[in-house]
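# Structural overview for review
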Amino acid sequence: MVFDITQIKKIRKHLNLTQYEFAKYAQVSQSMIAKIESGKIDPTYSYVRKIEDALSIMTKQHEKKAKNIMTRKIISTRLNQNVSEIINLMNKKNISQLPVIEKGTVIGIVSESSILSKQIKDIKKSTAQDVMIDSPPIISKETGIEVIKQLLNYYSLILIKERGKLIGLITRSDLVKSLSV
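A brief structural summary. Source: prediction; values computed, not measured.

### Some remarks on the pairing of strand 4 (residues 157-162)
Examined bridge by bridge, strand 3 (residues 138-139) and strand 4 share 2 bridges and lie parallel to one another. Across the sheet, Ile 139 pairs through a bridge with Ile 160, a residue of strand 4. Between strand 3 and its parallel partner strand 4, the chain crosses via helix 10 (residues 145-152), and the hand of that crossover is right-handed. Judged from the 6 bridges that link them, strand 4 and strand 5 (residues 165-171) form a sheet pairing that is antiparallel. Each residue of the ladder has a partner; that of Leu 157, found in strand 5, is Thr 171. Connecting strand 4 to the antiparallel partner strand 5 that follows it, the hairpin turn spans 2 residues, and Arg 163 within it adopts a positive phi of roughly 50°.

Okay, here's the thing in structure tokens:
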């Protein structure tokens, strides 16, 4: 894909950089950036490459990470908790899934779908252990939004751990909300 140099001002402003800051990072003069943005000059290919390379590096540095979009308040359940209690909790908190945690370790998740996979007559006497599904992927807080997006294509929930401790979770809803900001 060819870089559109006419978008440089819009991109630079999105990154909250002055012309001087951006020029320094791209290793070109501030006056060069000003002239390109105003349309007064058509830069050479080598300048366009420098600018494109700088933008590529800078946008990766500004990419949202798991720590920027995760939900920090984790509502969870225990292995032996009754499904009726879990359903009440899910309804009260307006959530559709929650991790099952035992002794600080995530061992699975209970979701609306996993509950409904049981016979209706068996749901009330079931526990989390009876309806839970496998644990979702666990990522670091520095994982980028593109990786998160790919994982959420296959999983409805992603967990975030730091130094062995669960610190947050991300759902599809969290990711979609983060795109509007």
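### Brief notes about the pattern of salt bridges
All chains considered together, the criterion is met by 7 salt bridges. One salt bridge in this structure joins Glu 162 and Lys 141, with 2.7 Å as the shortest N-O distance. On the criterion of sequence distance, the pair formed by Glu 162 in strand 4 and Lys 141 in the loop between strand 3 and helix 10 is long-range, its members being 21 residues apart. For Lys 141, a relative accessible area of 26% puts it in the partly exposed group. Here the salt bridges do not stand alone but share partners, grouping Arg 49, Glu 52 and Asp 53 into one network.

### With respect to helix 3 (residues 30-38)
Those residues of helix 3 not exposed but buried are Met 32, Ile 33, Ile 36 and Glu 37. End-on view of helix 3: buried residues confined to an arc of 130°, all on one side of the axis.

### What about the environment of Lys 64?
Positionally, Lys 64 belongs in the loop between helix 4 (45-61) and helix 5 (66-69). Given the relative accessible area of 27%, Lys 64 is considered partly exposed. Put simply, Lys 64 and Glu 146 are 82 residues apart on the chain and 8.9 Å apart in space, counted from C-alpha to C-alpha. At a separation of 2.4 Å, a polar atom in the side chain of Lys 64 contacts the main-chain carbonyl oxygen of Ser 178.

### Some words on unusual backbone geometry
Positive phi is not limited to glycine here, since Gln 27 has a value of about 60°. Considering the arrangement of structural elements, one finds Gln 27 in the loop between helix 2 (19-26) and helix 3. In this structure, Asn 94 takes a positive phi of about 55° despite not being glycine. On the secondary structure map, Asn 94 appears in the loop between helix 6 (83-93) and strand 1 (97-102).

### Considerations on the nonpolar core
Of all hydrophobic cores here, the largest spans 16 residues; its most connected members are Ile 8, Phe 22, Ile 33 and Ile 51. Sorting the residues of this core by element identifies helix 2, helix 3 and helix 4 as the ones contributing at least two each. When residues of this core are assigned to their parent elements, the largest contribution, 5 residues, is made by helix 4. Sequence-distant contacts of Ile 8, that is, excluding residues within four places in its chain, are made with Phe 22, Ile 33, Ile 36, Glu 37 and Ile 51. Counting residues in each nonpolar core, the second largest holds 12 residues, with Ile 69, Leu 152, Ile 158 and Ile 170 among its members.

Reading the values: the criteria
- Each chain carries its own residue numbering, running from 1 in the direction its sequence is written.
- Where totals are concerned, whole chains, interfaces and linings use all residues; where local detail is concerned, this predicted model gives features only for residues with pLDDT of at least 70, and gives and counts side-chain atom pairs only at 80 or more.
- Each side-chain value is derived from all of the structure's non-hydrogen atoms; neither hydrogens nor water enter the calculation.
- At least two DSSP bridges between two strands are needed for those strands to be called paired.
- Segments assigned H or I by DSSP are reported as helices when at least four residues long, segments assigned E as strands when at least two residues long, and all are numbered from the N terminus.
- Crossovers are marked right-handed if the path from the first strand over the helix to the second runs clockwise, as seen with the strands pointing away from the viewer.
- Any Lys or Arg side-chain nitrogen found within 4 Å of a carboxyl oxygen on Asp or Glu counts as a salt bridge.
- Each residue is assigned to one of three classes by its accessible area relative to the maximum for its type, calculated with a 1.4 Å probe on protein chains only: buried under 20%, partly exposed between the two thresholds, exposed over 50%.
- Here the arc refers to the set of directions running from the helix axis out to each C-beta atom.
- Any N or O atom pair separated by 3.5 Å or less is treated as a polar contact, with the protein-specific requirement of one donor-capable and one acceptor-capable atom, and with residues adjacent in sequence counted only for side-chain atom pairs.
- Think of a nonpolar core as a cluster: buried Ala, Val, Leu, Ile, Met, Phe, Trp, Tyr and Cys residues, connected wherever their side-chain atoms sit within 4.5 Å.
- Whether two residues touch is decided by their heavy atoms; if any such pair falls within 4.5 Å, the residues are in contact.

So yeah, pure geometry; function would need other evidence.
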